Amino acid sequence: MLVVTSLIDETANTVIRVLIEREVRVVRVDPADIGTALTFSAHIGNGRDSWGGRLLTPSRDVSLEEIGATYYRRPSPWRSDAADEQVRQFVITEARHGLRGLLRTLPNCRYVNHPAATEGADFKVAQLQVAVRAGMKIPETLVTNDLDAARKFALEHEHIIYKSFRGVPPGAGCQVGAIWTQRISADDLNGSLSVTAHLFQKEIQKTADARVTVVGRKVFASRITAPDGALDWRRGDWRELIHEPIEVPEAIREALYTYLAHFGLEFGCFDFAIEESRAGEIWTFIECNPNGQWGWLPDCDAIAHAFADVLLEGWWP
């Protein structure tokens, strides 16, 4: 079993512990360690129609042909100690295309998730279209860099929100920032909007959020309530969040399977906004992280076992 991730990935550690308990041989690899901490050799041709070779770390020596499943989590960013920037970029690019390309092309290997599937499912514009076609309710959404279009959208709705497509890249000293989902009005918009793409949505008058983690055919769901009623529960103290088990409506459950199948995913972390109505709760799809965190959820142990089950399907040790 190959686990591709960084050394400090506690979410992956949870799955690794379960696999070891099941007496599965686990090899952990961080492609960014390429060098003395990670060497590899692979060959194809001369009668071979798939890659064969070995991966070597200070503690592991594994044949590529022996890898039956790969948990592709969150490897570290590529790095190089080269002083010259051109050389540094060349080294990183070659490592990415050589080693990363190999780790994406392992023979007879089950991926959770395959990195190509994760990348394809990572675009919010694609997520929203697939979600609505799968039968889920979504917020009315505008993606634009046009000031007039954005102002028109803001004036047409009493409340709208802005959210970034991705997190903020690390700044000086590798400090990571974040732009939380926030309410805005037409008066907040100006000409600077034209320099990049923006995502605006009609605000959902929610009473709670739901985090739904799907692994294979198993569904784990928690209602999340922020004591202060925050628009974006991620911005506060996660220790103060209230988690309660919640039943996922059958129609939503089937839509989640359809969504994952469309992108070729085995796993996804879905976020929903929940509204109260006379007819009952209304679930609105917000987004899906195809490589999301779940180690902080109350049912993380059960989720880890579900990962082990999916990885070991069809396993040939």
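1. Focus on the sheet that holds strand β10 (residues 182-184)
Inference 1: Sheet architecture is open: 4 strands sit in the order β8-β11-β9-β10, paired in antiparallel fashion. In the strand order of this sheet, the two ends are held by β8 (141-144) and β10, each with one partner. Neighbour-to-neighbour, the strand axes of this sheet turn through a mean angle of 35°, independent of strand direction.
Inference 2: Pairing of strand β9 (residues 160-163) with strand β11 (residues 198-202) involves 4 bridges; the strand directions are antiparallel. By the bridge assignment, Ile 161 is partnered in β11 with Gln 201.
Inference 3: Against the sheet, helix α5 (residues 147-156) makes contact with β8, β9 and β11, and its axis sits at roughly 165° relative to β8, the strand it touches most.

2. Quick notes on the sheet that holds strand β3 (residues 39-45)
Inference 1: Taken in spatial order, the 3 strands of this open sheet run β3-β4-β5, and their pairing is antiparallel. The sheet is open, and its two edges are formed by β3 and β5 (61-63), each paired on a single side. Each neighbouring strand pair of the sheet contributes to a mean axis angle of 10°, computed without reference to strand direction.
Inference 2: In this sheet, β5 lies alongside strand β4 (residues 48-56) in antiparallel orientation, the contact comprising 3 bridges. When the sheet's bridge partners are listed, Leu 56 is paired in β5 with Asp 61.
Inference 3: Set on the sheet, helix α2 (residues 85-103) makes contact with β3 and β4; between it and β3 the angle comes to about 75°.

3. Brief notes about the environment of Leu 193
Inference 1: Position of Leu 193 among the secondary structure elements: in the loop between β10 and β11.
Inference 2: Separated by 49 residues in sequence, Leu 193 and Thr 144 have C-alpha atoms that sit 8.6 Å apart.
Inference 3: Beyond its immediate sequence surroundings of up to four residues, Leu 193 is in contact with Thr 144, Asn 145, Asp 146, Leu 147, Ala 150, His 198 and Phe 200.

Basis of the calculations
Residues numbered from 1 in each chain as written. Predicted model: local features only at pLDDT ≥ 70, side-chain atom pairs only at ≥ 80, totals over all residues. Heavy atoms only, no water. Pairing = 2+ DSSP bridges. Helix = DSSP H or I, 4+ residues; strand = E, 2+ residues; numbered from the N terminus. Axes fitted to C-alpha atoms, helices over the stretch in contact; angles between N-to-C directions. Contact = heavy atoms within 4.5 Å.

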